[in-house]
Amino acid sequence: WMVPLYSVGSWLAMRFRSYAIYIETVRDLYESYVLYSFLQFLIQVLGGEEALVLMLKDKSPTRGVHMWGLQWCVKPWLMGQPYRKTIYERDNRGSSAVASSGSKNAVDNKDP
């Protein structure tokens, strides 16, 4: 469905120039949904998230090495390590707190 929707969206954006930004936004949202769905499909086909983490832990550590040139920009990663999202939030007292989506709880950030 990607090609027909892209072609119709492109035609609508050219036909109705004043609404082009909205049409492109809807198209980008659809693209992100398709990519997310494909990623979830791959995770399920490979046995689920936990099985995938265990499978990646068993891989050789040399698989986490970047190609030439990137080793100066990006650190090598350990296979199977969970990715942590860090979210900065403000509590009702006005101080900032850091919450990570791993096993750690929220930690107060000490402002100087």
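> Looking at this model, I keep getting lost on the overall build of the protein. Mind explaining?
Of the regular secondary structure elements, the protein holds 3 helices and 3 strands. Taking all 112 residues of the protein together, 12% fall into the buried category. In the protein, the proportion of contacts linking residues at least 24 apart, taken out of those at least 6 apart, comes to 14%. When the accessible surface of the protein is summed, it comes to about 10100 Å², and 63% of that surface belongs to carbon and sulfur atoms.

> Is there a simple way to think about the packing of aromatic side chains in this case?
Each pair of aromatic rings is reported with the distance of its centres and the angle of its planes. The full count for this structure, using the stated rule, is 1 aromatic pair. For the ring pair Trp-68 and Trp-72, a centre distance of 5.6 Å and an interplane angle of 85° mean the geometry is edge-to-face. Both residues of the pair, Trp-68 and Trp-72, count as exposed. Seen from the ring of Phe-16, Arg-15 lies directly overhead, with NZ or CZ sitting 5.2 Å from the centre.

> Please clarify how a nonpolar patch on the surface should be interpreted in this entry.
A contiguous nonpolar surface patch, about 750 Å² in accessible area, is contributed by Trp-11, Met-14, Phe-16, Tyr-19, Ile-21 and Tyr-22. At the level of elements, helix H1 (2-15) and helix H2 (20-45) are the ones that each hand at least two residues to the nonpolar patch. Within the element layout of this structure, Trp-11 appears in helix H1.

Scoring rules and cut-offs
- Residues numbered from 1 in each chain as written.
- Predicted model: local features only at pLDDT ≥ 70, side-chain atom pairs only at ≥ 80, totals over all residues.
- Heavy atoms only, no water.
- Helix = DSSP H or I, 4+ residues; strand = E, 2+ residues; numbered from the N terminus.
- Buried < 20%, exposed > 50% of the residue type's maximum accessible area, 1.4 Å probe, protein only.
- Contact = heavy atoms within 4.5 Å.
- Areas by Shrake-Rupley, 256 points an atom, 1.4 Å probe, with all protein chains shown as cover.
- Phe/Tyr/Trp six-rings, centres within 6.5 Å; stacked < 30°, edge-to-face > 60°.
- Lys NZ or Arg CZ within 6 Å of the ring centre and 35° of its normal.
- Patch = residues over 30% accessible without salt bridge, like charges linked within 9 Å, V, L, I, M, F, W, Y side chains within 5 Å.
- Salt bridge = Lys/Arg side-chain N within 4 Å of Asp/Glu carboxyl O.

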